[in-house]
Amino acid sequence: MLQIVYISTARKPFSEAELRSVLAVSRRNNEAAGITGLLISGGRRFLQALEGPDEAVAAAFDRIKADARHFAVVALSMKHVETREFGNWAMGFEAGGADGPDDLRGVVEALIAPLQDKSLRAQFIGFAEINARAA
Ligand SMILES: Cc1cc2nc3c(=O)[nH]c(=O)nc-3n(C[C@H](O)[C@H](O)[C@H](O)COP(=O)(O)O)c2cc1C
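Residues numbered from 1 in each chain as written. Predicted model: local features only at pLDDT ≥ 70, side-chain atom pairs only at ≥ 80, totals over all residues. Heavy atoms only, no water.

1. A look at the packing of helix 3 (residues 104–112) against helix 4 (residues 118–131)
Look at helix 3 against helix 4: their axes get within 8 Å of each other, and the N-to-C directions meet at 165°. Between helix 3 and helix 4, the interaxial angle falls into the category roughly antiparallel. Seen along the crossing, helix 3 lies across helix 4 with a hand that is right-handed. Contacts from L104, R105, V108, E109 and I112 in helix 3 reach R121, F124, I125, A128, E129 and N131 in helix 4. In terms of residue class, the contact of helix 3 with helix 4 is made up of six nonpolar, one polar and four charged. (Axes fitted to C-alpha atoms, helices over the stretch in contact; angles between N-to-C directions. Helix = DSSP H or I, 4+ residues; strand = E, 2+ residues; numbered from the N terminus. Parallel < 35°, antiparallel > 145°, perpendicular 65-115°, else oblique. Left-handed = near helix turned anticlockwise from the far one by under 90°. Contact = heavy atoms within 4.5 Å. Nonpolar A, V, L, I, M, F, W, Y, C, P; charged D, E, K, R; others polar.)

Set out below in structure tokens:
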């Protein structure tokens, strides 16, 4: 299985409705393709993990990179894994920023507590710390 973690920046801030729509499409497509993952939005920044069959993940990442609603899509890690870290989620989600929880770090920490991969946990916690209050 391929696992990709990337960051990106929204061209303009996503409304709650836009975020909901991205999530609905993601969950539908990912479920059909056997992809699981987690998306955290903090202000205009996104951090997303995708994992599943190599070709399905590569195809999803190509589509995501071509999405004009965000830019500066940078893969932080791309590796083969034996077992899923995000198996419970077709696409888990948490948003920080104005409408998010006061404690994005705490919320993300709780979400990712079951993850086995320490560096993966560190990536998500670092992102939550930096982007919790960013607009
Ligand atoms: C931050 C972000 C994360 C996304 N994550 C996914 C995803 O996990 N899976 C997916 O299929 N599309 C995702 N998308 C949407 C894709 O860019 C694209 O719009 C969508 O896959 C097209 O699907 P459709 O052809 O079924 O309309 C994401 C978009 C953004 C901006």
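2. A few points about helix 3
What helix 3 keeps buried is the set L104, V108 and I112. Seen along its axis, helix 3 keeps its buried residues to an arc of 50°; they face one direction. (Buried < 20%, exposed > 50% of the residue type's maximum accessible area, 1.4 Å probe, protein only. Arc of directions from axis to C-beta.)

3. Notes on the pattern of salt bridges
Overall, the coordinates contain six salt bridges when judged by the stated rule. A salt bridge links R20 to E16; the nearest nitrogen and oxygen atoms lie 3.5 Å apart. Of this pair, R20 and E16 are both found in helix 1 (residues 16–33), four residues apart, which corresponds to roughly one turn of the helix. On the basis of relative accessible area, E16 is assigned to the exposed category, the value being 52%. A salt bridge links R69 to D67, with the shortest nitrogen-to-oxygen separation between them at 2.7 Å. By sharing partners, the salt bridges in this structure join R105, E109 and E129 into a single network. (Salt bridge = Lys/Arg side-chain N within 4 Å of Asp/Glu carboxyl O.)

4. What to know about the site of the ligand
Lining the immediate surroundings of the ligand are 16 residues, of which S26, R28, N30, R63 and D67 lie closest. In the environment of the ligand, an oxygen atom lies 3.1 Å from a nitrogen or oxygen atom belonging to the side chain of N29. Q48 is positioned such that a nitrogen or oxygen atom in its side chain is 3.0 Å from an oxygen atom of the ligand. Across the complex, the protein chains shield 80% of the 630 Å² of accessible surface that the ligand would expose by itself. Sorting the residues of the shell around the ligand by element identifies helix 1, strand 3 (45–52) and helix 2 (54–65) as the ones contributing at least two each. (Near = heavy atom within 4 Å. Polar contact = N/O pair within 3.5 Å; in protein donor to acceptor, adjacent residues only side chain to side chain. Areas by Shrake-Rupley, 256 points an atom, 1.4 Å probe, with all protein chains shown as cover.)

5. What to know about the sheet that holds strand 4 (residues 70–80)
Spatially, the five strands line up as an open sheet ordered 4-1-3-2-5, and their pairing is mixed. Each edge of the open sheet carries a strand with a single partner, namely strand 4 and strand 5 (92–95). Looking at each pair of strands side by side, their axes are set apart by 10° on average, direction ignored. Here eight bridges tie strand 1 (residues 2–10) to strand 3, and the two strands are oriented antiparallel to one another. By the bridge assignment for strand 3, V5 is matched with A49. Its contacts with the sheet place helix 4 against strand 1, strand 2 (36–42), strand 3 and strand 4, and it is angled at close to 160° to strand 3. (Pairing = 2+ DSSP bridges.)

6. What to know about the nonpolar core
In terms of nonpolar packing, the biggest core is built from 18 residues, with F14, I35, F46, L50 and V57 touching the most fellow members. Every element with two or more residues in this core is listed here: strand 1, helix 1, strand 3 and helix 2. In terms of residues, this core owes the most to one element, helix 2, which gives five residues. Core analysis: the next-biggest nonpolar cluster, separate from the first, contains 16 residues, L47, F86, F124 and I125 among them. (Core = buried A, V, L, I, M, F, W, Y, C linked by side-chain atoms within 4.5 Å.)

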